Amino acid sequence: MVRRDSPRLSLSFVTSNAAKAAEAAVFLEAEGIEVHPVVRRLPEPQSERLEEVASAKLEAASDLPGAVLVEDSGLFVDALGGFPGVYSAYAFRTLGVAGLLRLLDGYPRGAEFRTAAALRWRGVKEVMLGAVHGQIAREARGTNGFGYDPVFVPEGERRTFAEMSLTEKGSLSHRARAMMAVSSRLRELLARPVSESSKK
Ligand code: ITT
């Protein structure tokens, strides 16, 4: 739903992954929030919590003015005790989707995609979470999206994320759910009086 009644908001989305910014934009732009992608690979600390990684990425982007958004995401597979989770990028590079399918051979397929989105605006820094539960498919299907999309089937669907359009995935994914929280928080902050020191 486009909120034509509210003032126009904009934010910088810092990521090395253009597909992430495009997906976030599907949700945020529909909410009347303009998304400016800033292509940068931010350092990620070794941590067992997505929230900590997202906070550290936000710190690393402290030179950018205005509203700044970063996020860290991961796939948490139930039968693997949450692996690859915060190690999703490493597991993707080393095992790949085929390796994940081999690891899960004969095991239950439940998994959750999670996003921790860290927002800084008007002196406030906050981390918001979004998650979607689903199943790891038996084989890779679809060519859209990126990363683990060809093997993740969100709850209530038969198709993998990679078989969905950008708009479909961008409206029901873990990222969309985190962006919903980001959008509400931005509106709350917009409604608050601003001190001179936090205007930037
Ligand atoms: P950043 O620059 O924003 O960090 P990235 O692609 O490195 O971009 P993450 O560290 O958050 O992003 O991602 C960890 C891994 O999880 C990486 O291999 C991604 O491809 C994968 N991943 C993240 N979100 C995903 C999604 O929505 N669908 C499929 N795979 C995803």
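See above for the structure.
Residues numbered from 1 in each chain as written. Predicted model: local features only at pLDDT ≥ 70, side-chain atom pairs only at ≥ 80, totals over all residues. Heavy atoms only, no water.

(A) Focus on the pairing of strand β3 (residues 68-77). Among the 10 residues of β3, 10 are classified as buried, and the element is accordingly described as predominantly covered. On β3, burial covers both faces: Val68, Val70, Asp72, Gly74 and Phe76 on one face and Leu69, Glu71, Ser73, Leu75 and Val77 on the other are all buried. In terms of strand pairing, β3 meets strand β4 (residues 110-121) through 10 bridges, oriented antiparallel. Considered in β4, the bridge of valine 70 is made with alanine 118. (Buried < 20%, exposed > 50% of the residue type's maximum accessible area, 1.4 Å probe, protein only. Helix = DSSP H or I, 4+ residues; strand = E, 2+ residues; numbered from the N terminus. Pairing = 2+ DSSP bridges.)

(B) Structural view of the packing of helix α1 (residues 18-30) against helix α6 (residues 174-191). In contact at an axis separation of 9 Å, α1 and α6 are set at 55 degrees when each is read in the N-to-C sense. Comparing their axes, α6 and α1 come out oblique. Crossing hand, α1 versus α6: right-handed. When α1 is examined against α6, the residues Lys20, Glu23, Ala24, Phe27 and Leu28 are found in contact with a partner set consisting of Arg175, Ala176, Met179, Met180 and Ser183. (Axes fitted to C-alpha atoms, helices over the stretch in contact; angles between N-to-C directions. Parallel < 35°, antiparallel > 145°, perpendicular 65-115°, else oblique. Left-handed = near helix turned anticlockwise from the far one by under 90°. Contact = heavy atoms within 4.5 Å.)

(C) Expanded view of the side chain of aspartate 149. Position of aspartate 149 among the secondary structure elements: in the loop between β5 (124-136) and β6 (152-154). Aspartate 149 sits in the buried class, given a relative accessible area of 1%. With residues near it in sequence (within four places) discarded, aspartate 149 still touches Phe113, Asn144, Thr160, Phe161, Ala162 and Lys169.

(D) Broad picture of the site of the ligand. The full set close to the ligand counts 21 residues, and Thr15, Ser16, Lys20, Asp149 and Lys169 are the nearest of them. Between an oxygen atom of the ligand and a side-chain N or O atom of histidine 174, the distance comes to 2.9 Å. Within the complex, the protein chains bury 93% of what would otherwise be the 610 Å² of accessible surface of the ligand. Those elements that place two or more of their residues in the shell around the ligand are β3, α3 (88-94) and α6. Class assignment of the residues belonging to the shell around the ligand gives a composition of five nonpolar, seven polar and nine charged. (Near = heavy atom within 4 Å. Polar contact = N/O pair within 3.5 Å; in protein donor to acceptor, adjacent residues only side chain to side chain. Areas by Shrake-Rupley, 256 points an atom, 1.4 Å probe, with all protein chains shown as cover. Nonpolar A, V, L, I, M, F, W, Y, C, P; charged D, E, K, R; others polar.)

(E) Quick peek at the nonpolar core. Counting residues in hydrophobic clusters, the biggest one holds 23 residues, and the most contacted among them are Leu11, Phe13, Leu28, Leu69, Met179, Val182 and Leu186. Secondary structure elements with two or more residues in this core: β1 (9-15), α1, β2 (33-39), β4, β5 and α6. The leading source of residues in this core is α6, at six residues. Residues in contact with leucine 28, not counting those within four places in the same chain, are Leu11, Ile33, Val35, Leu69, Met179 and Ser183. Of all hydrophobic cores here, the second largest spans 16 residues; its members include Val77, Ala91, Leu104 and Phe113. (Core = buried A, V, L, I, M, F, W, Y, C linked by side-chain atoms within 4.5 Å.)

(F) Seen up close, the sheet that holds β2. Here six strands make up an open sheet; going across it, the order is β2-β1-β3-β4-β5-β6 and the pairing mixed. In this open sheet, the two strands that pair with only one neighbour each are β2 and β6. Geometrically, the sheet is characterised by an average inter-axis angle of 40 degrees between neighbouring strands, direction not taken into account. Sitting on the sheet, helix α2 (residues 50-60) is in contact with β3, β4 and β5, with an inclination near 155 degrees to β3.

(G) Structural context of the packing of aromatic side chains. For the structure on display, the rule yields four aromatic pairs. Each ring, one from phenylalanine 113 and one from phenylalanine 152, has its centre 4.9 Å from the other, and the planes form 70 degrees; the classification is edge-to-face. With phenylalanine 113 in strand β4 and phenylalanine 152 in strand β6, the pair connects residues that are 39 residues apart, well separated along the chain. Like phenylalanine 113, the residue phenylalanine 152 is buried in the burial classification. An angle of 40 degrees between the planes, with centres 5.3 Å apart, marks the rings of phenylalanine 152 and phenylalanine 161 as tilted. For phenylalanine 161, a relative accessible area of 1% translates into the label buried. Among the aromatic residues, ring-to-ring pairing joins Phe113, Phe152 and Phe161 into one connected group. (Phe/Tyr/Trp six-rings, centres within 6.5 Å; stacked < 30°, edge-to-face > 60°.)

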